[in-house]
Amino acid sequence: MTDYAIQALGLSAGYGGREVLQDVSLSLKSREILCLIGHNGAGKSTLLRVLFGLHRPSAGTMRIFGQTPANHTPAALGGLGVALVPEGRGVFPDLTVEEIFGLALWSASVPKGEQRERIEEVLEVLPRIREFRTRRAGTLSGGQQQMVSIGRALLTRPKVLLLDEPSIGLAPKLFQDLIRPIAALRESRGMSILLVEQNVREAFAVSDRVLVMRSGQFIFEGAPGELDDHTRLMELF
Ligand SMILES: Nc1ncnc2c1ncn2[C@@H]1O[C@H](COP(=O)(O)OP(=O)(O)OP(=O)(O)O)[C@@H](O)[C@H]1O
């Protein structure tokens, strides 16, 4: 068994002939929390979409726990244990939280007899969802919707969680309340997490390693403590 959750080598990707990711290589260790930061448009979301099979790279290879996905689709990557929580939550506003979870369980082909247990597992991590599970997602606050979005991803029991800017629209304290129980899944469930964030203070507090991206390339890799000096951080942005 390899020690790496993700090994990506030489990934390039873009849109309509414009290259956004340029020969990017990244490794995420098993049980590691890696924080990816960078300015708007640097290519962070594109990288997550490539890693989840939503966007096909024009070059490069990927292995998940040492295995090459059979094809470059979310079904194949999901089958190897990868889940993405997209930027902007993406919850269906007219559906209740229970319906959203039901749909996620159905599309992941989780047998009926196991569905209750899966939901209970998610409620253990994010207990506040219980209070609003019968409400339509469109009536929930930003933080509550973010919990639903993360909860939906956890229902598939991922081994690798890709989180795209979960703090957007949340007050720092709310983000802290959200990210800490997710980060704890590394210990309790052996999960590996790739966290794209702008809220560096809270994100660094839970991360083992930081990558900084600029114009589709990594320009820094190191421990969060190396960027405590904000002047350094500003130079990199
Ligand atoms: N579907 C798309 N079609 C065309 N161009 C796109 C598409 N999605 C993203 N881009 C472009 O690709 C570049 C990288 O975008 P991406 O969303 O990956 O950056 P990001 O680092 O996640 O930015 P942000 O922090 O603003 O979310 C940007 O120039 C963006 O305009």
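Quick caveat, the model's predicted, so the values are computed rather than measured. (Residues numbered from 1 in each chain as written. Predicted model: local features only at pLDDT ≥ 70, side-chain atom pairs only at ≥ 80, totals over all residues.)

## Things to note about helix α3 (residues 97-107)
Part 1 of the argument: Burial in α3 covers these residues: V97, I100, F101, A104 and L105. Down the axis of α3, the sector holding all buried residues measures 135°, keeping them to one side. Turned more than 90 degrees away from the buried face of α3 sit W106 and S107, all of them exposed.
Part 2 of the argument: Structurally, α3 contributes buried residues whose contacts are with α4 (112-125) and α5 (142-154).
Part 3 of the argument: Where α3 terminates, the next one or two residues include S109, which has phi positive at roughly 55°. (Buried ≥ 20, exposed ≤ 12 C-beta atoms within 10 Å, placed from the backbone. Helix = DSSP H or I, 4+ residues; strand = E, 2+ residues; numbered from the N terminus. Arc of directions from axis to C-beta. Contact = placed C-beta atoms within 7 Å.)

## Details of the confidence of the model for the protein
Part 1 of the argument: Predicted confidence across the protein gives a mean pLDDT of 92, with 100% of residues reaching 70 or more.
Part 2 of the argument: Across the protein, strand β7 (residues 192-196) holds the top mean pLDDT of 98, while helix α9 (residues 230-236) sits lowest at 77.
Part 3 of the argument: The ipTM assigned to the predicted complex is 0.96, against a pTM of 0.94. (pLDDT = per-residue confidence, 0-100.)

## Brief notes about the site of the ligand
Part 1 of the argument: Residues in contact with the ligand, as listed here, are Y15, V20, G38, N40, G41, A42, G43, K44, S45, T46 and E87.
Part 2 of the argument: It is helix α1 (residues 44-51) that contributes the most residues to the shell around the ligand, three residues altogether.
Part 3 of the argument: In the shell around the ligand, the residues fall into three nonpolar, six polar and two charged. (Near = placed C-beta within 6 Å. Nonpolar A, V, L, I, M, F, W, Y, C, P; charged D, E, K, R; others polar.)

## Concerning the UniProt feature "domain: ABC transporter" (unreviewed entry) in the protein
Part 1 of the argument: UniProt feature "domain: ABC transporter" (unreviewed entry): in the numbering of this structure it lies at residues 6-236.
Part 2 of the argument: The span residues 6-236 carries 36% helix and 26% strand; its end-to-end C-alpha distance comes to 25 Å. (UniProt positions renumbered as here; feature names shortened; annotations may be inferred.)

## Structural notes on the pairing of β7
Part 1 of the argument: Most of β7 sits out of view: five of its five residues are buried.
Part 2 of the argument: Side chains S192, L194 and V196 of β7 all project onto a buried face; the interleaved residues I193 and L195 project onto the opposite face, where all are buried too.
Part 3 of the argument: Relative to β7, strand β3 (residues 33-38) is paired through four bridges, and the arrangement is parallel. In the strand pairing of β7, L36 is matched with V196.
Part 4 of the argument: Note that strand β6 (residues 160-164) and β7 share five bridges and pair parallel. Each residue of the ladder has a partner; that of L163, found in β7, is L195. (Pairing = 2+ DSSP bridges.)

## Some thoughts on unusual backbone geometry
Glycine aside, negative phi is the norm for most residues, and most peptide bonds take the trans geometry.
Part 1 of the argument: Its identity is not glycine, yet F65 carries a phi of approximately 45°, on the positive side.
Part 2 of the argument: Inspection of the secondary structure puts F65 in the loop between β4 (59-64) and α2 (74-79).
Part 3 of the argument: With a phi close to 45°, S215 is a non-glycine residue in the positive phi region.
Part 4 of the argument: Following the sequence through the fold, S215 ends up in the loop between β8 (209-214) and β9 (217-222).
Part 5 of the argument: Under the C-beta neighbour-count criterion, S215 is labelled partly exposed, with 14 such atoms within 10 Å.

## Notes on the packing of α5 against helix α6 (residues 172-183)
Part 1 of the argument: Following both chains from N to C, one finds α5 and α6 inclined at 15°, their axes separated by 10 Å at the closest point. Compared by their axis directions, α5 and α6 come out roughly parallel. Crossing of α5 over α6 shows right-handed handedness. Within the contact between the two elements, α5 uses G143, Q146, M147 and I150 and α6 uses L174, L178 and I182. (Axes fitted to C-alpha atoms, helices over the stretch in contact; angles between N-to-C directions. Parallel < 35°, antiparallel > 145°, perpendicular 65-115°, else oblique. Left-handed = near helix turned anticlockwise from the far one by under 90°.)

## Re the pairing of β6
Part 1 of the argument: In terms of burial, β6 is a largely internal element, five of the five residues being buried.
Part 2 of the argument: The two faces of β6 match: V160, L162 and D164 on one face and L161 and L163 on the other face are all buried.

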